[in-house]
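# Structural features, examined
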Amino acid sequence: MTGHIAISTQLGAFALDAAFELPDSDVTALFGPSGAGKSTIVHAIAGLMMPAKGQITIGGETLLDTERNISVPARQRRLGVVFQDSRLFPHLSVRGNLLYGWRRAAAPCGADEVDRVTRLLGLENFLERKPRTLSGGERSRVALGRALLMGPRALLLDEPLTGLDATRKGEILPYLERIRDEEKLPILYVSHAIDEITRFADRIVVLNAGRVVAEGSLFDVTARLDLASGQAMFPGTILDATVAAHDRPFGLTELAIGGERLVVPAMTRNIGDKIRIRIDAQDVMLALSRPSDVSANNILPAIIEEMRAHDETAMDVKLRLGETRLLARVTRRSAERLGLAVEGDVFAIIKAVTVGGRDGA
Amino acid sequence: MGGFLTGAELEALALSFRIASISVLITLPFAFAAGLLLARAQFPGKSLVDGIVHLPLVLPPVAMGYLLLVIFGTRAPLGAWLLENLGIRFVFSWTGAVLASAILTFPFQVRAIRLSLEAEDPRLSQAAETLGASALDRLMSLHIPLALPGILAGAVTAFAACLGEFGAIITFVSNIPGETRTIPLAIYTAIQSPGGEAAAARLSALSIALALLGLILAEFLARRARIATGRA
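Residues numbered from 1 in each chain as written. Chains lettered and ligands numbered in written order. Predicted model: local features only at pLDDT ≥ 70, side-chain atom pairs only at ≥ 80, totals over all residues. Heavy atoms only, no water.

Glancing now at the interface of chain B and chain A. How big an interface is tends to be stated in terms of accessible area lost as the parts join. On the chain A side, the residues contacting the 19 residues of chain B number 20 residues. Where chain B abuts chain A, roughly 1,800 Å² becomes buried across the two surfaces, and 64% of that area is made up of carbon and sulfur atoms. Our enumeration of links across chain B and chain A arrives at 2 salt bridges. Among the salt bridges present, the one from Asp 85 of chain A reaches Arg 123 of chain B, with a minimum N-O distance of 2.6 Å. Inspection of the chain B/chain A interface yields 7 residue pairs in polar contact (both at pLDDT 80 or more). Among the elements that line the side of chain B that touches chain A, the one with the most residues is helix H6 (residues 122-130) of chain B, at 7 residues. Residues that form the side of chain B that touches chain A fall into these classes: 10 nonpolar, 6 polar and 3 charged. (Contact = heavy atoms within 4.5 Å. Buried area = accessible area lost by both parts, 1.4 Å probe. Salt bridge = Lys/Arg side-chain N within 4 Å of Asp/Glu carboxyl O. Polar contact = N/O pair within 3.5 Å; in protein donor to acceptor, adjacent residues only side chain to side chain. Helix = DSSP H or I, 4+ residues; strand = E, 2+ residues; numbered from the N terminus. Nonpolar A, V, L, I, M, F, W, Y, C, P; charged D, E, K, R; others polar.)

Turning our attention to the sheet that holds strand E16 (residues 284-287) of chain A. Strands in a sheet are paired, the pairing made by backbone hydrogen bonds, and the direction either parallel or antiparallel. All names here are of chain A. Strand order in the open sheet formed by 5 strands is E16-E20-E17-E18-E19, with antiparallel pairing between adjacent strands. Only two strands of the sheet have a single neighbouring strand rather than two, namely E16 and strand E19 (324-331). Taking each pair of neighbouring strands and ignoring which way they run, the sheet shows an average axis angle of 45°. For strand E17 (residues 298-309) and strand E18 (residues 314-321), the ladder comprises 6 bridges, and the chain directions are antiparallel. Paired with Arg 308 across the two strands is Asp 316, which belongs to E18. (Pairing = 2+ DSSP bridges. Axes fitted to C-alpha atoms, helices over the stretch in contact; angles between N-to-C directions.)

Right, let's get into the sheet that holds strand E14 (residues 260-265) of chain A. Residue and element names in this part refer to chain A. Taken in spatial order, the 5 strands make up an open sheet running E14-E13-E12-E15-E21, and their pairing is antiparallel. Of all strands in the sheet, those bounded by a partner on one side alone are E14 and strand E21 (354-355). When strand E15 (residues 274-280) meets E21, the two strands line up antiparallel, connected through 2 bridges. Its bridge partner lying in E21, Ile 277 is registered against Val 355.

Take the side chain of Glu 138 of chain A next. Residues and elements named next belong to chain A. The topology assignment puts Glu 138 in helix H5 (residues 136-149). One buried charged residue, Glu 138, forms no salt bridge at all, with the nearest opposite charge on Arg 129 at 4.2 Å. A distance of 2.9 Å separates the side chain of Glu 138 from the backbone nitrogen of Ser 135, its partner in a polar contact. Look past the residues within four positions of Glu 138 in its chain and what remains in contact with it is Leu 123, Phe 126, Arg 129 and Glu 171. (Buried < 20%, exposed > 50% of the residue type's maximum accessible area, 1.4 Å probe, protein only. Lys, Arg positive; Asp, Glu negative; His and termini not counted.)

The next thing to look at is the environment of Ile 299 of chain A. Residues and elements named next belong to chain A. Here Ile 299 is to be found in strand E17. Classification of Ile 299 as buried rests on a relative accessible area of 13%. As a C-alpha pair, Ile 299 and Leu 286 span 13 residues in sequence and 9.2 Å in three-dimensional space. Excluding residues that lie within four positions of it along the chain, Ile 299 makes contacts with Arg 290, Pro 291, Val 294, Phe 347, Ala 348 and Ile 349.

Burial analysis of E19 of chain A places 6 of its 8 residues in the buried class, which makes it a mostly covered element. Where E18 of chain A folds back onto E19 of chain A in an antiparallel hairpin, the turn is made up of 2 residues, including Gly 322 of chain A, whose phi is positive at roughly 65°.

Generally, phi is negative for residues other than glycine and the peptide bonds are trans, each holding for most cases. One non-glycine residue, Glu 159 of chain A, adopts positive backbone phi at about 45°. Note that Glu 159 of chain A resides in the loop between strand E8 (154-158) and helix H6 (166-182). Judged by its relative accessible area of 6%, Glu 159 of chain A is buried. A positive phi angle is found at Ser 174 of chain B, which is not glycine, with a value near 65°. In this structure, Ser 174 of chain B sits in the loop between helix H8 (167-173) and helix H9 (183-192). Residue classification places Ser 174 of chain B among the partly exposed residues on the basis of a relative accessible area of 26%.

All right, on to the packing of H6 of chain B against helix H7 (residues 135-163) of chain B then. All names here are of chain B. Contact geometry of H6 with H7 gives a least axis separation of 11 Å together with a crossing angle of 155°. In terms of orientation, H6 lies roughly antiparallel with respect to H7. The two elements H6 and H7 cross, and the hand of that crossing is right-handed. Within the contact between the two elements, H6 uses Leu 124, Ser 125, Ala 128 and Glu 129 and H7 uses Arg 138, Leu 142, His 143 and Leu 146. Per-class residue counts for the contact of H6 with H7 are 4 nonpolar, 2 polar and 2 charged. (Parallel < 35°, antiparallel > 145°, perpendicular 65-115°, else oblique. Left-handed = near helix turned anticlockwise from the far one by under 90°.)

Printed below as a string of structure tokens:
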């Protein structure tokens, strides 16, 4: 089943008019710069803000339909909201916070389920502590646990990692991934950080100035040239890869992407593991023939699928490598000098790969 | 303490404590309601209500005592009605002292409660709402516990202020030993009596100690309040 969100409202000079889908089994990322309207959408979905017009259906249940005068109150929406600032109750212990929604649930889960979530989030040693004694990362975990234990029909994660430093982010992400993999819940993950989304989401909704400018699978949307050019939102391509082989003597790992192989610095992953990688468009060079005398390890044959000028200097080129799409950014002069054209054969020389994908790095 | 204070002085001390405690306890629910109203509700005439609540802070206590006498005196309509139908008499009775103290220290409590409620981060209430808590539930599970140290600080301040109340009490319920003669009235009586300086000094020292203790306790509770609401 698929949920639908449609919200339109006017907040001062800011007009929000956004509609997108929230599939039951996937993580949908709501992506956009600050001020795009992401938090307003979360508040409207949670029932904390009443839009002028809107329809919200999640998990087969209509939570809002302004045309039919339906508006389920926030406290009856059963949406597990994790706010950016955690919003833990300062007078309650970690246990009191975790069980706040659980105690108020119409059909609360059993005690063993409470134990399971507590362990899932690694909170079993914090239960008696007060929120003010916790680190930022620990607080986020408590907020996640509190949202899970209320028995939600969906999770709304509003920038749960913003404000945490890289170490703390690395601490939370594995827990988020466990929740994604173990709880069968639709998840809306709001973020302005493409790295988090790369690692965590399956689908992406791109929001800009109150409007949805793109929606679809992470791979398709991030490979779109019109977005790359217009707003420089996605400076690269996101790909799913499988660990194919290790070259221990040289400290390298081979990744399989579609039918292609990529060589990256050695990873402590098992062969067969699935990982997600990002290749920045700036890190992809193009050649007309296979160069034999360059140091780059990754040289892949490709066909140009689409070209679009990024600005007066740069040209974005979308490449097809079998089933895979890859973006390259070259100068317009190089493009002209090489005579690059759609359907032309080229070789993509990949200088760097960012590994930080799904299932950890 | 029996060696330090005379029997009459101990009687005044006990009476002061009784009047102050009962007056604070009776006022508390009304002060909470008023504090909640002023902190959360928007309504026309709010500043007038705010002014009336704070009036006892600036009105001369003697004027307040006189007003009470006019309203609750046995020959005043309301006072006569209370005496005839319910057997309640305020004038010349310690219950009248409770009434006067309650009205005069009401603003202290309202103010402390209102500030505590306003200090709460409103986003916490939104979080509680998404977790299934109704408005009444949020009041009991969130607003009151978070405001509790502030409420207690207000109550302690009001208690200390009750101990010091003089003008309204002596005007409204007079200065009757064992009935309405609280510590300040006992001090006044001692000063008026020949050779009463030592007693006046003892009772004044006691008053200072009690007031100081009350203020320190109130400040301690206020600090707890700041910690509870995450502001320290």
